[in-house]
Amino acid sequence: MSAQETPEGSFPPPTHSTWAENLYEAIFNTCVAEGFAPVPRQAVLEGLAPALGRGEAKRVTERRRGSRFLRATAYHIEQRDTDGALLVLKVELHGAATLPWVINDRTRSAWLHPSAENQERLEELVDQQRLVAAWTVGVERAKAALRALASTATPAEKDAAVAAVATAEEELACAKKELEACEQALGKRRPLPVVRAVTEDGAPLAALTTEDVRAEVAAEVQRYAVEMLRRRARQRPYDLVESLVQEGQRDSTVVVLQRTPVIDRDGARRYVWRGQQATGANRADARLETFGISAQQLLTGVPQAVLRLPGEEENRRMVVRGLGEILRRISALLNAEYADPDRAPEGRAQRAVRIAQVPARVVVGAKKPERLEESLRQLNVHEHLRGQLDYEDMDRSLGLWSTLVKAYQAAGLLGELLAQEVAQGRIVAGELDENAIADALVGARALDVLKVLLSPGDEVSPMTLRDVAIRCATVMVFPPVPPRPENLAPRAPMPTGRYWPVVRTALQEASWAQRNGDRAKRRTEIWAAVVAQHFLRPGPPAAAEGLFGKPEVQFGVRPDARSLASLLTACRQGDAAAWETLVRRHLVPGMISGAEPFITPNEGSFKAADRKGVRRSPSNAVQSLVNAYTHPPQGVTRELLLAFAEEVLHAPDAGFGVPDQAPGTFWAPDPLGHPREGVLADKEWFDDLFPLTSFRKGERQKPPADAGAEVQGSGEDTVELEEEIQESPLARMTRLRAELASAVTSSTVSAAAVAEEIARLLATVQDAVRAREDAGDEMEPADVRALYVEDFNNIKAEAAKVAPLLDKATVAVMSL
């Protein structure tokens with residue numbers, strides 16, 4: 001069969017170039033008529049038309065008034081009457097035509113922010129991967145040469161061959177060690193690609209583009225994205241590949257056309273247009289697996305040996321790059337195989353026939369193309385939050401965070417909140433690029449756009465940008481609520497301000513008056529997941545449990561106006577309040593997500609026997625560090641505390657560390673603040689130096705009441721009176737009403753716990769009786785049994801006090 005012949009069959013050939021032009025004309029005219037920006041012409045010719053099923057280009061178009069338009073039944077508008085409205089084309093695509101989209105919210109926690117430093121580290125990683133591959137081949141060749149030696153070879157020839165194998169293996173081992181160091185530098189993750197709307201003649205269009213990258217880097221990012229997808233898909237209770245093979249794909253998924261500018265090894269730049277699965281990425285990967293090609297091959301080129309046609313000479317250096325040619329070869333091979341009556345029942349053609357064509361909704365128009373990526377990301381989040389496949393804990397929290405940022409944007413309050421609370425009114429909301437800031441906060445672009453929010457005195461650096469991003473996340477998850485007005489009627493609803501309702505709606509919470517711990521726990525998990533993404537080695541969300549409570553949920557967290565440098569200076573001058581702020585709001589993230597975490601989940605099984613330090617709650621670890629400033633344990637000085645704080649702030653960005661340890665580690669400081677070589681600063685050292693402490697939950701620092709008030713240095717802002725201030729009856733009534741719901745919940749849980757404990761007691765007694773009978777042993781002495789009966793009667797007497805008390809509470813609550 002010649003290279004141009006395509007046998008008829010179930011697998012469709014690419015669309016003819018004439019119909020590709022007709023399709024673009026119809027899309028363009030329809031978008032203009034509907035008021036949408038269309039996709040670029042090249043996106044249709046190179047990314048969409050070759051992927052269409054048989055006759056689809058003709059089916060979806062019609063002629064009206066001498067021009068071509070899309071048929072009314074062939075398209076519809078998603079999210080109509082919103083800025084994120086999309087015009088999607090309903091077609092059937094070739095089953096092997098689309099790629100899993102890298103930007104998938106279910107795997108968001110597996111990606112790093114796309115900073116310049118991370119991109120450089122990725123380049124180094126890819127170079128090292130190539131070197132490892134080269135030395136792997138070298139080892140195999142050296143071993144093959146050794147095996148090929150004739151028995152008559154001289155001892156010198158044999159020694160030379162053995163030495164060549166040893167040298168190659170040594171070089172391979174060194175290359176693998178360097179590769180592991182590159183992986184460690186990236187925290188074994190990859191930077192998320194930045195995508196934006198394609199711009200032609202200064203106007204954005206309804207397709208996406210990435211930044212220029214080397215072809216090897218693009219392939220590595222796509223490979224990693226698929227690996228993460230498959231890792232998450234292990235939770236699926238069935239085999240997705242087999243499901244598609246047996247039943248095909250019934251539901252329609254959303255596809256966006258994306259351009260990837262790649263630079264080949266010869267320095268030539270080319271533009272790769274592919275359809276990306278904004279939804280249904282796992283299905284796209286499963287289909288490609290069934291067709292026998294990988295996602296990175298479909299993106300950068302498929303080796304000719306994989307798609308060699310009958311009668312074609314094999315060329316190991318040939319790579320098939322064009323989407324139309326790739327799909328033509330796939331269809332030709334599988335149609336020929338399927339036409340064979342003696343085809344294998346488990347062959348590729350037989351397994352792929354039900355997914356030869358699959359339904360899709362291809363984005364061909366956008367109301368605001370500059371927000372196309374954000375609209376598709378939210379579509380992905382919405383599908384997964386309400387889907388059947390469970391999220392990982394961190395990914396679910398990041399999906400909720402993305403929804404929250406979108407809610408602030410939709411309400412027009414994102415810029416206002418950050419300008420007022422983070423920038424402390426130094427700039428006005430109108431000066432902020434809300435779209436760019438929102439993208440940075442959800443990890444879709446670098447944090448550089450946040451430099452406008454930095455406090456005076458802070459230099460632009462990875463540390464300060466990460467810190468201001470954490471301030472933004474804190475104030476957005478725990479927005480400030482105005483204090484209760486003095487003249488507010490007792491039963492009037494509490495005015496919660498403009499920000500709290502946004503969080504409540506986005507996270508679907510109960511009203512402000514219901515103070516429950518579940519709300520605090522949920523928001524803390526979101527905060528922990530968001531903050532962890534700013535570090536190479538994100539700590540588990542459970543390590544932040546208890547760091548925020550009901551007061552922070554109800555009244556919010558207001559960031560301190562001082563810069564990191566100002567806070568450190570205040571701490572050196574003896575300001576205990578500045579130290580507590582520095583610890584709780586700035587050091588805690590690095591103590592959870594550092595190379596050597598100092599705060600870990602309060603779980604005995606965490607890391608099993610390899611766990612460092614003692615089991616303690618995160619809040620206890622934080623409180624012990626706070627207390628060490630005013631009540632230092634033995635061997636702790638303020639110089640040590642300040643040296644430790646500076647290391648925790650700077651270490652995550654360090655490209656080096658303690659010898660034989662991961663980058664970002666550091667030596668423990670001595671009482672003078674100097675590093676003690678040989679003593680690693682880790683959790684074991686931290687727990688020894690700052691032991692378990694006892695404290696009341698109410699000892700947490702209160703946020704300032706006035707958000708607009710300037711925070712000065714270390715002046716005396718509070719005084720202690722000789723007499724206690726009596727609580728007013730109105731304030732006491734308000735407080736007790738708010739505490740009643742939580743008291744009822746706590747009592748219910750306690751009663752249930754008692755009942756469960758008594759049930760375990762009964763089961764233990766019954767098991768003991770059965771064991772005695774099975775053993776044929778005598779009963780306990782009568783006096784021992786009498787003592788047990790006396791104990792049980794005491795328990796019964798205590799339990800009898802509960803019902804009368806509940807009766808009195810029932811009567812009393814009727815007068816509330």
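None of the values given here were measured: they were computed from a predicted structure. (Residues numbered from 1 in each chain as written. Predicted model: local features only at pLDDT ≥ 70, side-chain atom pairs only at ≥ 80, totals over all residues. Heavy atoms only, no water.)

A. Representation of the overall build of the chain within the structure. Per the secondary structure count, the chain includes 27 helices and 18 strands. Taken over 816 residues, the chain has a buried fraction of 47%. When contacts within the chain are restricted to residue pairs at least 6 apart in sequence, long-range pairs at least 24 apart make up 72% of them. Carbon and sulfur atoms make up 52% of the accessible area of the chain, which totals about 40,500 Å². (Helix = DSSP H or I, 4+ residues; strand = E, 2+ residues; numbered from the N terminus. Buried < 20%, exposed > 50% of the residue type's maximum accessible area, 1.4 Å probe, protein only. Contact = heavy atoms within 4.5 Å. Areas by Shrake-Rupley, 256 points an atom, 1.4 Å probe, with all protein chains shown as cover.)

B. Seen up close, helix H18 (residues 517–532). The terminal C-alpha atoms of H18 lie 22 Å apart, and with 16 residues this matches the ideal 22 Å at 1.5 Å per residue to within 8%. Turning to H18, its buried residues are Arg519, Ala520, Arg523, Thr524, Ile526, Trp527, Ala528, Ala529, Val530, Val531 and Ala532. Contact partners of the buried residues in H18: helix H13 (393–410), helix H16 (462–477), helix H17 (500–507), helix H19 (550–555) and helix H21 (576–593). (Expected span 1.5 Å × (residues − 1).)

C. The pairing of strand S10 (residues 203–210), seen in detail. For S10, the buried fraction is high: 6 of the 8 residues fall into the buried class. In this structure, strand S9 (residues 195–200) lies alongside S10, joined through 5 bridges in antiparallel fashion. The residue bridging Val195 from the neighbouring strand is Thr210, located in S10. Hairpin connection, S9 to S10: the antiparallel pair is bridged by 2 residues, and Asp201 has positive phi, about 55°. (Pairing = 2+ DSSP bridges.)

D. Spatial organisation of the pairing of strand S18 (residues 675–680). In this sheet, S18 lies alongside strand S17 (residues 667–669) in antiparallel orientation, the contact comprising 2 bridges. Each residue of the ladder has a partner; that of Trp667, found in S18, is Leu680. The antiparallel hairpin formed by S17 and S18 contains 5 residues in its connecting segment, where Gly673 sits at a positive phi of about 90°.

E. Seen up close, the packing of aromatic side chains. On inspection of all chains with the given rule, the structure shows 16 aromatic pairs. With centroids separated by 4.3 Å and ring planes inclined at 15°, the aromatic side chains of Phe478 and Phe548 adopt a geometry described as stacked. A residue pair is termed long-range when its members are at least 10 positions apart, and Phe478 in the loop between H16 and H17 and Phe548 in the loop between H18 and H19 qualify at 70 residues. Judged by relative accessible area, Phe478 falls into the buried class, the value being 0%. Measuring from centroid to centroid gives 6.1 Å for Phe598 and Phe666, while their planes differ by 45°, and the two rings are tilted. Separated by 68 residues along the polypeptide, Phe598 in the loop between H21 and helix H22 (618–630) and Phe666 in the loop between helix H23 (638–650) and S17 bring together distant segments of the chain. (Phe/Tyr/Trp six-rings, centres within 6.5 Å; stacked < 30°, edge-to-face > 60°.)

F. Local environment of the packing of H13 against helix H15 (residues 434–441). Contact pair H13 / H15: the axes reach a minimum separation of 10 Å and the direction vectors enclose 170°. When the interaxial angle is binned, H13 and H15 end up roughly antiparallel. Remark: the crossing between H13 and H15 carries right-handed chirality. Contacts between H13 and H15 involve Trp401, Val405 and Gln409 from the first element and Glu434, Asn435, Ala438 and Leu441 from the second. Of the residues belonging to the contact of H13 with H15, the class tally is 4 nonpolar, 2 polar and 1 charged. (Axes fitted to C-alpha atoms, helices over the stretch in contact; angles between N-to-C directions. Parallel < 35°, antiparallel > 145°, perpendicular 65-115°, else oblique. Left-handed = near helix turned anticlockwise from the far one by under 90°. Nonpolar A, V, L, I, M, F, W, Y, C, P; charged D, E, K, R; others polar.)

G. Structural detail: the environment of Ala72. Within the secondary structure, Ala72 sits in the loop between strand S3 (67–70) and strand S4 (75–78). For Ala72, a relative accessible area of 63% translates into the label exposed. Ala72 sits 42 residues away from Thr30 along the chain, and the two C-alpha atoms are 9.5 Å apart.

H. Structural view of the pattern of salt bridges. Summed over all chains, the structure comprises 51 salt bridges. Glu289 serves as the salt-bridge partner of Arg230, at 3.8 Å between the closest nitrogen and oxygen. Note that Arg230 is positioned in helix H6 (residues 215–232) and Glu289 in helix H8 (residues 281–291), a separation of 59 residues in sequence. A relative accessible area of 42% places Arg230 in the partly exposed class. Measuring nitrogen to oxygen at the nearest pair gives 3.8 Å for the salt bridge that ties Asp439 to Arg445. The exposure classification of Asp439 matches that of Arg445, with both residues buried. A single network of salt bridges, built from pairs that share partners, joins Glu183, Arg190, Glu220, Arg223, Glu227 and Arg231. (Salt bridge = Lys/Arg side-chain N within 4 Å of Asp/Glu carboxyl O.)

I. A look at the confidence of the model for the chain. Overall, the prediction assigns the chain a mean pLDDT of 85, with 90% of residues at 70 or greater. This stretch, residues 1–6, has a pLDDT under 50; its non-local contacts, to residues over four places away or in other chains, come to 12 contacts. The low-confidence segment residues 701–724 (pLDDT under 50) makes 21 contacts with residues lying over four places distant or belonging to another chain. (pLDDT = per-residue confidence, 0-100.)

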